[in-house]
Amino acid sequence: MEKAWCGEMENRSSLTVYVEVACNGLLGAGKGTMIAAPDPEKMFQVSRAELAVFCRDVHRLLVDLELLLGIAKGLGEDNQRSFQALYTANQMVNVCDPAQPETFLVAQALASRFFGQRGGESQHTVHAMGHCHIDTAWLWPFKETVRKCARSWASAVQLMEQNPDFIFACSQAQQLEWVKSHYPGLYARLQEFACRGQFVPVGGTWVEMDGNLPSGEAMVRQFLQGQSFFLQEFGKMCSEFWLPDTFGYSAQLPQIMRSCGIRHFLTQKLSWNLVNSFPHHTFFWEGLDGSRVLAHFPPGDSYGMQGSVEEVLKTVVKNRDKGRSNHSAFLFGFGDGGGGPTQTMVDRLKRLHNTDGLPRVQLSSPGRLFSALESGSGQLCTWVGELFLELHNGTYTTHAQIKKGNRECERILHDVELLSSLAVARSAQFLYPAAQLQHLWRLLLLNQFHDVVTGSCIQLVAEEAMCHYEDIRSHGNTLLSAAAAALCAGEPGPEGLLIVNTLPWKRTEVLALPRPGGAHSLALVTVPSMGYAPAAAPTSLQPLQTQQPVFVVQETDGSVTLDNGIIRVRLDPTGCLTSLVLVASGREAIAEGTVGNQFVLFDDVPLYWDAWDVMDYHLETRKPVLGQAGTLAVGTEGGLRGSAWFLLQISPNSRLSQEVVLDVGCPYVRFHTEVHWHEAHKFLKVEFPARVRSPQATYEVQFGHLQRPTHHNTSWDWARFEVWAHRWMDLSEHGFGLALLNDCKYGASVRGNVLSLSLLRAPKAPDATADMGRHEFTYALMPHKGSFQDAGVIRAAYSLNFPLLALPAPGPAPAASWSAFSVSSPAVVLETVKQAETSRQGRTLVLRLYEAHGSHVDCWLHTSLPVQEAVLCDLLEQRDPAGHLPLRDSRLKLTFSPFQVRSLLLLLQPPPN
């Protein structure tokens, strides 16, 4: 008997089944709610597992019946077609006998008769595209995303095999690169289906990054790395920017898109607006410089639909551009946590292909959708400026250490690229570290994903991000030292320090120079633009000359005055700012009867999205943090630098110490701050009431700035109670203004005349430890005469964020100063100098400049490098055939319109051996 059984089994085909088990739900393992911190005690129990035979006929009947009932419900009692659907469903139930499978065909025929009745030519067309939005990290770590991609895309491959008309749109080059590395067989299948047109890479970026916080250059690199990957791996670049789930969209994105080969934009997140409904689903989006892209928001307000009749009808009913556009996207498939489309979803949408009473449904692609939208775009409206999401405003502040790491690493990579480019130009032996820089950039871009840099992730992800930032810092500093050594090679002069200025204008600043034995000494140094100066001995440093030294006076009441002849700062005995005077005019910047540098605490309890949101009602809970008189003391007593410091007890659990610093010749006062923060659902800000009146405040954004209201006239104004900025914000009236600068903060607001910088939050989900611990950061205050443009606020903010570098010269340091680049107009910023991606032997550099004032301007770019040829290029570094620039006396003439970003290629002559 046993032999017979074994023989029978040998003749059967074998089947191996793999079951993957994870202790989480669809999105995570949160305790109590989806977004809570992971629950280490969470348990699941498998009680039953069955193998079953799939019956296609029964499945079709169920799909048909479900759709018919959806039509009956969705079209309503006043629609005749609704009753036809209900009557058909009733007939199907009457004729169908589960015990007699032959009746299934009769029931199917009834459904086919209904669905075969066609609609008219005026029907709205729904472009259904399979999609699987996978958060690159969120409630799970990066390594889990690798597995999510494999599972989800393997399912998509099976659907593509079984449904030749099914098209799957997939974004994020990083995720594809992971699958290529970990699942090469699956990746080969994706490339195969891409050739067939069924697997469609979209987006053009490395990850679906946050649309607010990355710098302009980082946004360019998202596209540069992403588009290069898609071109190399799939033979073409993406033509649409695909960013369905991020927390607002910078006004500079249209220009960046256009210069990266992208004319179309898709998202749906503005449907989450808490106050105002965005008025369009299909429109032209015009950016800061006037660039326009065709934008589309799927009217179903989702990137994870499932093909139901309700969703299809919503796509038509909710469309806010009826009459102007007759086409809409319909993105179907389980998203966020992965999974993607299913066969049932595909079956539903196929059945609804062209049925009277419903819109026409096509299994389509992004290319077909935007072609259809473009063909009828003549009547579309235009939205000018940023797309501001009226929700998730807390993401500008949450996880301050991640924000600081992001800003610092953007600076480090900028500096490494510049110094490495100069070293290539000066030394035939130096090799540009292209591979290392690509790796470091991709790490930074990975952490600019919209749930990482925003802080809306679990603790494990935040810890990984901090490790990535430390890698960038460590390797970046090594690369900086190597480039500095190459710049010093072969130069005469004594061994010492190289003082490097990585900004495109001459700077005279106080710098702490390292001395033997670990000590530091202050020196006033002058360094030319994008160049260096030697610092071999203190005698080679610039004396004070005509500049007034800093005076520090402590009064008998404990208050302290700092004065450098440009600004005069007065602090009361608790450390609050009672006066800030622009000395030349005698103009007071602090509003009468108020104090600046006032720390304030708010209760911060959002409705649901803890790490994401700060609600408007938090403003009603404002509590000034009062210091104790007598804690203010003089730090540095004057000369090159003067300072005062104080301690502040924020709460029984949290404390703050701050040094207020004023340097010779510096137009702003710095506030170096250390906070030990241990709170729950509190929000810490610092406020500066200004003696300025203006209905608009100005905030720096990528490659420029924009204005937002300081009043709350309308609901659109009120919804901007908490906004984002990069390195500075400014409140100005005619002839005078006050700017607030920072080195790692993003959340900000100006209400009336009060400038407020958001410092720290204390959410408890999804990371209960978010922001807990020690923080260091610096902000600065700059009163100015005239406009912020003419007063140099933009340059001051750059200087705060890009300190002069004192790099050891391993051999003899150069004996004289040297400058590589300078720009004739203060309105133009030379933002980036790097090696071209396709440069041979590193002899082609890319320069990126932008107009920062909001003006038309002609300027001259001067260089001391041996330039052989100069030509304009786009952001992907592709040459403009008509962009040749004549070189005249080592100068190039460039023309800019307001906020325009321009890139050029410089081919260098070989250096002498």
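Since this is a predicted model, take the numbers as computed values, not measurements.

Take the overall build of the protein chain next. Within the protein chain, the secondary structure is distributed over 18 helices and 44 strands. Taken over the C-alpha trace, the protein chain has a radius of gyration of 31 Å; the compact-globule value for 913 residues is 29 Å, and the two agree within 12%. Taken over the C-alpha atoms alone, the protein chain extends approximately 105 × 70 × 65 Å along its principal axes. For the protein chain, with 913 residues in total, the buried portion stands at 59%. Considering only contacts within the protein chain whose residues lie at least 6 apart along the sequence, 72% involve residues at least 24 apart. Roughly 36100 Å² of accessible area belongs to the protein chain as shown, and the carbon and sulfur atoms make up 53% of that amount. Across the protein chain, 75 positive and 88 negative side-chain charges occur, with their mean positions spaced 3 Å apart.

With the rule as written, the count across this model stands at 33 aromatic pairs. Each ring, one from W609 and one from W612, has its centre 5.0 Å from the other, and the planes form 75 degrees; the classification is edge-to-face. Residue class for W609 comes out buried when judged on its relative accessible area of 17%. Judged by its relative accessible area of 2%, W612 is buried. Aromatic ring contacts, followed pair by pair, group W153, F166, F168, Y187, F199, F234 and F332 into a single cluster. Over the aromatic face of W140 sits the side chain of K148, whose NZ or CZ is 4.1 Å from the ring centroid. Above the face of the F602 ring, K685 is positioned so that its terminal group lies 4.8 Å from the ring centre.

A separate point is the pairing of strand β16 (residues 560–563). Of the two faces of β16, the one carrying V560 and L562 and the one carrying T561 and D563 are both buried. The pairing of strand β15 (residues 550–554) with β16 spans 4 bridges and is antiparallel. Across the sheet, the residue bridging to Q554 is V560, located in β16. Between the antiparallel neighbours β15 and β16 lie 5 residues, among them G558 with a positive phi of about 95 degrees.

The final tally for this structure, using the stated rule, is 37 salt bridges. Note that R60 is salt-bridged to D57, the shortest N-O span being 3.8 Å. Of this pair, R60 and D57 both sit in helix α2 (residues 56–75), 3 residues apart, which is roughly one turn of that helix. The exposure class assigned to R60 is partly exposed, which follows from its relative accessible area of 43%. With a relative accessible area of 28%, D57 lands in the partly exposed category. Its salt-bridge partner being E217, residue R848 comes within 2.7 Å of it at the nearest N-O pair. Remark: E217 occurs in helix α8 (residues 216–234) and R848 occurs in strand β39 (residues 844–851); sequence separation between them is 631 residues. E217 matches R848 in its accessibility class, with the two residues each being buried. Where salt bridges share partners, they join E161, R189, E192 and R196 into one cluster.

With that settled, consider the packing of helix α14 (residues 434–446) against helix α15 (residues 459–488). Remark: α14 packs on α15, axes separated minimally by 10 Å, with the N-to-C direction vectors making an angle of 155 degrees. By the angle between their axes, α14 is roughly antiparallel relative to α15. Where α14 crosses over α15, the two elements pack in a sense that is left-handed. Contact residues: α14 offers Q436, L437, L440, L443, L444 and L446, while α15 offers H468, Y469, D471, I472, H475, G476 and L479. Looking at the contact of α14 with α15 residue by residue, the class counts come to 8 nonpolar, 4 polar and 1 charged.

Quick look at helix α7 (residues 184–196) now. Between its first and last C-alpha atoms α7 spans 19 Å; for 13 residues at 1.5 Å apiece the expected length is 18 Å, and the two agree. If you follow the buried residues of α7, they end up packed against α5 (142–162), α6 (173–182), β3 (199–202) and α8.

What follows concerns a nonpolar patch on the surface. Together, L15, V17, V19 and V21 make up an exposed nonpolar region whose accessible area comes to about 470 Å². Inspection of the secondary structure assignment puts V17 in the loop between α1 (2–11) and α2. On the basis of relative accessibility, which here comes to 55%, the residue V17 falls in the exposed class.

What follows is about the environment of C576. Relative to the helices and strands, C576 resides in the loop between β17 (567–571) and β18 (577–582). The buried category is assigned to C576, whose relative accessible area is 11%. As for C576 and G596, which are separated by 20 residues in sequence, their C-alpha atoms are 5.9 Å apart. Setting aside anything within four residues of it in sequence, one finds C576 in contact with R570, L571, V595, G596, N597 and Q598.

Successive side chains on a regular strand alternate, one facing one side of the sheet and the next facing the other. Most of strand β30 (residues 728–733) sits out of view: 5 of its 6 residues are buried. The sheet contact formed by strand β27 (residues 696–701) and β30 spans 2 bridges and is antiparallel. By the bridge assignment, Y699 is partnered in β30 with M729. For β30 and strand β31 (residues 736–742), the ladder comprises 6 bridges, and the chain directions are antiparallel. Residue L731 lies in a different strand from β31, and its bridge partner there is L738. Hairpin connection of β30 to β31: 2 residues between the antiparallel strands, including G735 at a positive phi of 90 degrees.

Across the sheet, 5 strands lie side by side as β4-β5-β7-β6-β10; this open sheet has mixed pairing. Of all the strands in the sheet, just β4 (240–242) and β10 (382–384) have a single pairing partner and so form its edges. Between one strand axis and the next, the sheet turns by 30 degrees as a mean value, whatever way the strands run. In the sheet, strand β6 (residues 282–286) pairs with strand β7 (residues 292–296) via 5 bridges, with the strands oriented antiparallel. What sits directly across from W285, in β7, is V293. Lying on the sheet, helix α12 (residues 366–375) is in contact with β4, β5 (264–266), β6 and β7; it crosses β7 at an angle near 110 degrees.

Conventions used here
Residues numbered from 1 in each chain as written. Predicted model: local features only at pLDDT ≥ 70, side-chain atom pairs only at ≥ 80, totals over all residues. Heavy atoms only, no water. Helix = DSSP H or I, 4+ residues; strand = E, 2+ residues; numbered from the N terminus. Rg over C-alpha atoms; globule rule 2.2 N^0.38 Å. Buried < 20%, exposed > 50% of the residue type's maximum accessible area, 1.4 Å probe, protein only. Contact = heavy atoms within 4.5 Å. Areas by Shrake-Rupley, 256 points an atom, 1.4 Å probe, with all protein chains shown as cover. Lys, Arg positive; Asp, Glu negative; His and termini not counted. Charge placed at Lys NZ, Arg CZ, Asp CG, Glu CD. Phe/Tyr/Trp six-rings, centres within 6.5 Å; stacked < 30°, edge-to-face > 60°. Lys NZ or Arg CZ within 6 Å of the ring centre and 35° of its normal. Pairing = 2+ DSSP bridges. Salt bridge = Lys/Arg side-chain N within 4 Å of Asp/Glu carboxyl O. Axes fitted to C-alpha atoms, helices over the stretch in contact; angles between N-to-C directions. Parallel < 35°, antiparallel > 145°, perpendicular 65-115°, else oblique. Left-handed = near helix turned anticlockwise from the far one by under 90°. Nonpolar A, V, L, I, M, F, W, Y, C, P; charged D, E, K, R; others polar. Expected span 1.5 Å × (residues − 1). Patch = residues over 30% accessible without salt bridge, like charges linked within 9 Å, V, L, I, M, F, W, Y side chains within 5 Å.

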